[in-house]
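# Structural overview
Now for the letters of each chain:
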Amino acid sequence: MTKQLWASIVMISVICMFVTACPGTDMYDVVVYGGTSAGITAAIQAARLGKRVVLIDPSEHLGGLATNGLGFTDVGRPEVLGGMAREFYHRVWQAYQKPEAWKQDSREFFHTVPGQAVPSIDDVNQVQWSFEPHIAEQVYNEMIREADVLVVRGRLDLSNGVDKNGTHIIGIRMEDGRTFHGRIYIDSSYEGDVMARAGVSYTVGREANSQYGETINGIEAAMARGNNLPLGIDPYATKGDPASGLLPSVNKNPGGIDGSADKKIQAYCYRLCMTMDHDNRVIVDKPAGYDERDYELLIRASEHGSTTPWKLSYIPNRKLDANNSSGASFDLIGLNYAYPDGDYATRAQIAAAQEAWQRGVIYTIQHNPRVPQSVREKYAQWGLAKDEFTDNHNWPRQLYIREARRMIGPFVETEVTLRNDATVNDSIGMGSYQIDSHNTQRYVDAAGEVRNEGDVQIGVNGPYRISYRSITPRAGEAANLLVPVCLSASHVAYGSLRLEPVFMIVGQSAGTAASIAIDRGVAVQDVPYDVLRAQLLQEHQTLSMSGK
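The numbers attached to residues start from 1 for each chain and follow its sequence in the written order. With pLDDT at 70 or above as the cut-off, local features in this predicted model cover only qualifying residues; side-chain atom pairs require 80 or more to be listed or tallied, and sums for whole chains, interfaces and linings still use all residues. Where side-chain values are given, they derive from all heavy atoms of the structure, hydrogens and water being excluded.

### Thoughts on the overall build of the protein chain
Only DSSP runs of H or I reaching four residues or more are called helices, and only runs of E reaching two or more are called strands; each is numbered from the N terminus. Of regular secondary structure, the protein chain possesses 14 helices and 25 strands. Atoms considered for the radius of gyration are the C-alpha atoms alone. The globule rule reads 2.2 Å times the number of residues to the power 0.38. Radius of gyration (C-alpha) of the protein chain: 23 Å, near the 24 Å computed for a compact globule of 548 residues. The principal-axis extent of the C-alpha atoms belonging to the protein chain is close to 75 × 55 × 50 Å. Any residue under 20% of the maximum accessible area for its type is buried, any over 50% is exposed, and the rest in between are partly exposed; the area is computed with a 1.4 Å probe on protein chains only. Counting over 548 residues, the protein chain shows a buried share of 62%. Areas reported as accessible are Shrake-Rupley estimates using a 1.4 Å probe. Residue values count occlusion only from the protein chains shown. Looking at the protein chain as shown, the accessible area adds up to about 20,100 Å², and 51% of this sits on carbon and sulfur atoms. One way to put it: in the protein chain the 52 positive side-chain charges average out to a point 1 Å from where the 64 negative ones average out. Charged-residue counts in this description rest on Lys and Arg as positive and Asp and Glu as negative, His and the chain ends being excluded. Lysine's charge is taken at NZ, arginine's at CZ, aspartate's at CG and glutamate's at CD.

Here you go:
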């Protein structure tokens, strides 16, 4: 009997005794926390492999961003999407084959909609990349139901939510006291709360370029070109008067030299589902507490030539996936620094402020006379889609957490590994999208003007392999935990890895690894890669461009 197998048998016995002593608790093979795309694919995969699985979701609707407005998919190279990721987009395609799915639009017309690197509908491969939120939720719910995955609602107790015995997690506790016990745990939340409470090493913010031999990490004022503000914007509340103070969210300087580290993270926003259809449109009114002074920078940007206050990314039925665009838009830059390590009240305050900001952006652009008439008229036709998020005043339920905590595991994905994956010999899937990180701050430059800083939009030289070691904690920290969302990556590398299709891929691979760890009685760090690789290939995951 191997040492690892004996340790696992002892630990299972400890867990079983603990459960027996605590009536009302349940024992599962795999406990998944977080109903994101990664959590859903992880849970389904483990269930398909015969494991007893519970998926715990803090929200009332599964799917994370995929079901909360992010329907205009950043695909990258479609050929790297295999397994359950491709299954999801195929099922979306199937849903839109039904005539009743087209209410305000026609399939024939939408087939020709431009504006995406790959066609929104690919009938040859039977996949569709653009979709409405309710269709994504419908697809995910069907997949969960077919796999017979138990879904429960609850939020982790942030004070005392993880029980450990040595390096093994033996239970996670919700705020209401319910405790879930498993053999393997998967933290698929956007925030990484189980990971953090389990004592796993993580970081928040931007590393210095010197830490991992990168070139575009840390403060990067000199290269801040994309999604920046028009030149010539005065930084003061009263133009030309420093005594009046800086405009909201503007710093007096970048906070350090280029390439140095800080604790700032890329901005968040809500991905709104908007429409121009009069019969399906809800006009956005002036939000409570609206103060035009809060939007002075937005107004000045429009006066200086900014014409795209939010993206017009089309999805079916005359709707938009409305995202941040340009230098002054939906992203409330600098608001979110306290979010990753914040308690639920702090996070709720940030989410509420973000919603108020975006409602105010829409109202300002549509009504303020200082906004050029051409911009006002172009954007005045858009309102919230009445048939989406009907239980939340047509507003998405999930804030777009572009980056929160990031695990520091045995392998850290970096700019270097994304551009040259030769060091990755344990691939669990592939990414291909450019490094896409939103702005982190605003500051006054040497010319006395407002500039944005932190935006990175740089290619990765083609598809790259993602290491299994980037989703496992260090061996001495947690032996039965996998982390497919807050995975081990530098700030800039996470800008490519953070996409929903990648989460689907890595989540499925995490579900597979969890099953193998259970079957073999080993820690997640000791899962034999040859066994994992063979199973992933059987599941049609793309592990390399050679297909091997």
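Now that the structure is up, let's keep going.
### Let's talk about the sheet that holds strand β16 (residues 319-322)
Between any two strands, pairing holds if DSSP finds at least two bridges. As summarised here, the arrangement of the five strands in space is β14-β17-β13-β16-β15, forming an open sheet in which the pairing is antiparallel. Two strands in the sheet have a free side with no partner beyond their single neighbour: β14 (281-282) and β15 (313-315). Where β14 and strand β17 (residues 383-385) come together, two bridges link them in antiparallel fashion. In the sheet register, Val282 faces β17, and the bridge partner there is Leu384.

### Topic: the state of the cysteines
For this text, the term disulfide refers to a pair of cysteine sulfurs within 2.5 Å. A full pass over the atoms with the stated rule returns zero disulfides. We note that Cys269 lacks a disulfide partner, and the nearest cysteine sulfur, in Cys273, lies 14 Å from it. For Cys269, a relative accessible area of 0% puts it in the buried group. Cys486 carries a free sulfur, and the closest cysteine sulfur to it, the one in Cys269, is 18 Å from it.

### Some remarks on the environment of Asn439
By secondary structure assignment, the location of Asn439 is in the loop between β20 (435-437) and β21 (441-444). Taking the C-alpha atoms as reference, Asn439 lies 40 Å from Gly166; in sequence the two are 273 residues apart. By definition, residues are in contact when any of their heavy atoms lie within 4.5 Å. Apart from residues no more than four positions distant in its own chain, Asn439 is found in contact with Gly226, Asn227, Ile265, Gln266, Ala267, Ile333, Asn452, Glu453, Gly454 and Asp455. Polar side-chain contacts of Asn439 include one of 3.1 Å to the backbone nitrogen of Asp455. Whenever a nitrogen or oxygen atom comes within 3.5 Å of another N or O atom, the pair is scored as a polar contact, on the condition that within protein one atom can donate a hydrogen and the other can accept it, and that pairs from neighbouring residues in sequence are kept only if both atoms are in side chains.

### Re the pairing of β16
What you see with β16 is no split at all: Lys319 and Asp321 on one side and Leu320 and Ala322 on the other are buried throughout. Where strand β13 (residues 272-275) meets β16, four bridges bridge the pair, whose relative direction is antiparallel. Across the sheet, residue Thr275 finds its bridge partner in β16, namely Lys319. Two elements, β15 and β16, share three bridges in a ladder whose sense is antiparallel. Directly across from Ile315, in β16, lies its bridge partner Lys319. The turn joining β15 and β16, which pair antiparallel and follow one another in sequence, is formed by three residues; a positive phi near 65° is taken by Asn317.

### Considerations on the pattern of salt bridges
We count a salt bridge whenever a side-chain nitrogen from Lys or Arg sits within 4 Å of a carboxyl oxygen from Asp or Glu. Using the criterion set out here, one finds 37 salt bridges in the structure. Between Arg77 and Glu79 there is a salt bridge, with the nearest N and O atoms lying 2.5 Å from each other. In this structure, a network of salt bridges that share partners links the residues Asp234, Lys239, Glu296, Arg300, Glu303 and Arg370.

### Quick notes on the nonpolar core
In globular proteins that are soluble, nonpolar side chains generally tend to be buried together. By size, the foremost hydrophobic cluster in this structure holds 128 residues, and its most contacted members are Phe88, Val149, Leu272, Met274, Trp310, Tyr468 and Leu482. With 11 residues, the single largest contributor to this core is helix α13 (residues 500-520). The term nonpolar core refers to a set of buried residues drawn from Ala, Val, Leu, Ile, Met, Phe, Trp, Tyr and Cys, joined through side-chain atoms within 4.5 Å. Core analysis: the second largest hydrophobic core is formed by 24 residues, Tyr28, Ile56, Met174 and Met407 among them.

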